[in-house]
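# Examining the three-dimensional arrangement
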Amino acid sequence: MTALLRRVADTSLTLLLVAGLVFALIHLIPGDPVDVMLGESAHAADRAALRARLGLDQPISVQLLDYYAALAQADLGASLHQGQPVTRLLLDRLPATLQLAGAALVFALLISLPLGVVAARFAGRSPDRVASSVALIGLSIPNFWLGPVLILVFSIGLGLTPVSGDEGWGSLILPALTLGMSLAAINTRMVRASLLEVLDQPFVRTARAKGLSPIAALVRHALPNAALPVLTLLGLQLGHLLAGAVITETIFAWPGLGSLLIDAIRQRDYPLVQGCVLLISASYVVINALTDTAYGWLDPRTRRLS
Amino acid sequence: MRLALAILGLWLLAAALGPWFQASSVQVWLPGILTAPDASAWLGRDELGRDVLARLLAGAGTALWVSLLVVGISASVGTTLGLAAGYWGGWLDRVIGRLIDVFLAFPGILLAIALAAALGPGLDNLVLALALMGWVGFARLARAQAMSLRERDHVQAAIALGCSQRRILIRHLLPLALAPLLVETSFSVAGVVVAEAGLSFLGLGVQPPAASWGSMIRDGVRYMLTAPHLVLAPGVALCLVVFAANRLGDVLQDRLSGRSNW
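Predicted model only: the values in this text are computed from it and were never measured.

Before going further, it helps to examine the overall build of chain B. Assigned secondary structure in chain B consists of 10 helices and 0 strands. Listing each helix as α and each strand as β along chain B from the N terminus yields α-α-α-α-α-α-α-α-α-α. When the backbone C-alpha atoms are referred to their principal axes, chain B occupies close to 75 × 40 × 30 Å. By the burial criterion, 53% of the 262 residues in chain B qualify as buried.

Written out as structure tokens, the structure reads:
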């Protein structure tokens, strides 16, 4: 219980510091942020109004305290262009991103589990070499190139899927492939590595000695024990999916958080930029903490150590 | 391994050749808009009639410069902070450790995107943003290494003999921590090349008319139907370099892990 409390306290502190860094973003803008947002030809009155609205006329300590106080009430300010509260805009876009990340995760698992198991089962032989090379190639293809190539082949060449936008399940396929590819590659390597470690253990030899087939020993005894590192990696990578979604959503005009962020950057809508960055990184921190906690529950060995 | 080194060698060669083709990489020639590869332009011409091969070479230079600068800065800053934190411990370690945690709390390329957005587009800011993201990996690794190495007998002996702190860090800790840092360097070259291209793809990196593989892909996507070579050429170059750097990291890791307990 104390370990859990310590984890909660630690995570909260990290979240506070992350929020502080996001707050600092607006002060990293070279020169006067108001000039950057309004352009230099804006009226003095407009600039003063924006400065007051963003609180930039206050001392920095007051700004920081106000920021944290507003954050505690889930108030992220208002978008400069659309005038709506940033929180509302974020919540509108969140489901699309979660749907995309979920689909990418499912795709990555469907590819990586069989590929990783085959690679480990035939370690050092040709199936392993093929699977490992496929994984390394998958890892080396950047998503902003994979996306256009997939559109070229499947949407334009074969006419199978919509080119972009969100038009039902069909339009989810290519973005999910694009986003999930690197996760599939990383996870294949992880499944292979952790299976290889487990396959050397005495209990697998015992399972084989009592007459289980290689496949049964692998599925019933090795896989459950190899699952933990894989699970941790998936937790860590889920956050990276949210970040990778920024580029993938831009390519496919997918109406999620990522394309919201890029639009906000183009329009110099800094409150909205801050909101997007904060939400994505905060989700990442929380997912990581949950993964760590789940690890403790699933593996009794780590519980006894801590 | 040989394939990886050959690709990386080609990359260096392309970057070195780049300056000779600088002029033709920005030479607009409207009669040749979007033409397919031919004898005058081996990889065809882009939407302004510029030679794609010349732009590819210029892009190789951009990618190389950015990765040398970013990896150089991240490795030296990160290693120094990490070694110091791991070796001395105490409040220094708590501060640096917390700093590492906070930077690691930003997933993937998100921090670089946010920084590049705040700092404004351009090559200098791109390098700054990527270095601010890159030092963390080196720092975390060096810190872990220093924490385990400082208990070793030879380090304890050096302390007992009254060696200066600097000498202990540089002569007795750094050489032993170098192997994993070398692996990290290789992977981080791959990461920086992708990140540079990614940010340039989003319009946050290299600005026109300078060439980057990422901005070439972004501009080419609009003409994918009529001139697929605009997307294919920089994409293949990018994939090859990233593949080679990743492969080199893998091989180094395998070789070095066998002898990490000297």
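Further notes follow.
The subject of this paragraph is the domain arrangement of chain A. Residues and elements named next belong to chain A. One can read the domain layout of chain A as domain 1 (2–72) and domain 2 (93–305). Between domain 1 and domain 2, the C-alpha centre-to-centre distance is 33 Å. At the junction of the two partners, domain 1 supplies 16 residues and domain 2 supplies 13 residues. Surface buried jointly by domain 1 and domain 2 totals about 1300 Å² across both partners, of which 80% is contributed by carbon and sulfur atoms. It is Arg-7, Leu-15 and Val-22 that lose the most area in domain 1 upon contact with domain 2, and together they represent 33% of the buried surface on that side. Along the contact surface separating domain 1 from domain 2 lie 1 salt bridge. Here Asp-292 makes a salt bridge to Arg-7, at a shortest N to O gap of 3.5 Å. In this structure, the connection of domain 1 to domain 2 is made through 2 residue pairs in polar contact (both at pLDDT 80 or more). At the level of secondary structure, the elements contributing two or more residues to the side of domain 1 that touches domain 2 comprise helix H1 (2–28), helix H2 (33–38) and helix H4 (60–72). The dominant element in the side of domain 1 that touches domain 2, judged by the number of residues it contributes, is H1, at 10 residues. Within the side of domain 1 that touches domain 2, the residues separate by chemical class into 13 nonpolar, 2 polar and 1 charged.

In the structure shown here, the tally under the stated rule is 3 cavities of 30 Å³ or more. Roughly 80 Å³ of volume is contained in the largest cavity. If you go around the largest cavity, the residues you meet are Asp-46, Glu-47, Arg-50, Val-52, Arg-55, Met-216, Asp-219, Gly-220 and Leu-230 of chain B. Contributing elements (two or more residues each) for the lining of the largest cavity: helix H3 (52–88) and helix H9 (213–221) of chain B. Broken down by element, the lining of the largest cavity gets its largest block of residues, 3 residues, from H9 of chain B. A per-class count over the lining of the largest cavity returns 3 nonpolar, 1 polar and 5 charged. Estimates place the volume of the second largest cavity at around 50 Å³. Going through the elements one at a time, H1 and helix H12 (270–298) of chain A together with helix H5 (110–119) of chain B are the ones with two or more residues in the lining of the second largest cavity. In terms of residue class, the lining of the second largest cavity is made up of 8 nonpolar, 1 polar and no charged. Lining the lining of the second largest cavity are residues from two domains, each supplying at least three of them: domain 1 (2–72) and domain 2 (93–305) of chain A.

Taken as a whole and judged by the stated rule, the model has 5 aromatic pairs over all chains. Seen from their ring centres, Phe-23 of chain A and Tyr-67 of chain A are 5.2 Å apart, and the 40 degrees between their planes marks the pair as tilted. Of this pair, Phe-23 of chain A sits in helix H1 while Tyr-67 of chain A sits in helix H4; the two residues are 44 residues apart in sequence, bridging distant segments of the chain. Since its relative accessible area comes to 9%, Phe-23 of chain A is described here as buried. Between Tyr-87 of chain B and Trp-88 of chain B, the aromatic rings sit 5.6 Å apart at their centres with planes inclined by 70 degrees, giving edge-to-face as the arrangement.

Attention now goes to helix H8 (residues 165–201) of chain B. All names here are of chain B. The end-to-end C-alpha distance of H8, which contains 37 residues, comes to just 45 Å, noticeably less than the 54 Å that a straight helix rising 1.5 Å per residue would cover. Helix geometry: H8 is bent most strongly at Leu-174, by close to 50 degrees, with proline Pro-175 lying one to four residues after it. Positive backbone phi, approximately 85 degrees, marks Gly-203, located one or two places after H8.

Moving on, we get to the pattern of salt bridges. Residues and elements named next belong to chain B. Enumeration over the complete set of coordinates arrives at 11 salt bridges over all chains. The residue Arg-218 makes a salt bridge to Asp-219 at a minimum N-O spacing of 3.6 Å. Judged by its relative accessible area of 25%, Arg-218 is partly exposed. On the basis of relative accessibility, which here comes to 17%, the residue Asp-219 falls in the buried class. Several salt bridges converge on common partners, so that one network encompasses Asp-46, Arg-50 and Arg-55.

Right, let's get into the interface of chain A and chain B. Every contact between the two is made by 42 residues of chain A and, on the other side, 39 residues of chain B. Of the roughly 3400 Å² buried at the junction of chain A and chain B (both faces included), carbon and sulfur atoms supply 81%. Here chain A is connected to chain B by 2 salt bridges. Connecting chain A to chain B are 5 residue pairs in polar contact (both at pLDDT 80 or more). Among the elements of the structure, H1, helix H6 (126–140), helix H7 (143–157), helix H10 (214–252), helix H11 (257–266) and H12 of chain A are those that each provide at least two residues to the side of chain A that touches chain B. Take the side of chain A that touches chain B: its biggest share by element is 9 residues, from H1 of chain A.

Residues and elements named next belong to chain B. Per-residue pLDDT for chain B has a mean of 88; in total, 98% of the residues score no lower than 70. Of all helices and strands in chain B, the one with the weakest mean pLDDT is helix H2 (residues 22–25) (78), whereas H3 scores best (93). Both confidence scores are given for the complex: pTM 0.87, ipTM 0.85.

Procedures and definitions
Residues numbered from 1 in each chain as written. Chains lettered and ligands numbered in written order. Predicted model: local features only at pLDDT ≥ 70, side-chain atom pairs only at ≥ 80, totals over all residues. Heavy atoms only, no water. Helix = DSSP H or I, 4+ residues; strand = E, 2+ residues; numbered from the N terminus. Buried < 20%, exposed > 50% of the residue type's maximum accessible area, 1.4 Å probe, protein only. Domains from an automatic or database assignment. Contact = heavy atoms within 4.5 Å. Buried area = accessible area lost by both parts, 1.4 Å probe. Salt bridge = Lys/Arg side-chain N within 4 Å of Asp/Glu carboxyl O. Polar contact = N/O pair within 3.5 Å; in protein donor to acceptor, adjacent residues only side chain to side chain. Nonpolar A, V, L, I, M, F, W, Y, C, P; charged D, E, K, R; others polar. 1 Å grid on protein atoms, 1.4 Å probe; cavity = no way out; pocket = protein on both sides within 12 Å on 5 of 7 lines; lining within 4 Å. Points joined across faces, edges and corners; volume = space filled by probe spheres on them. Phe/Tyr/Trp six-rings, centres within 6.5 Å; stacked < 30°, edge-to-face > 60°. Expected span 1.5 Å × (residues − 1). Bend = angle between axes of the 7 residues up to and from the residue. pLDDT = per-residue confidence, 0-100.

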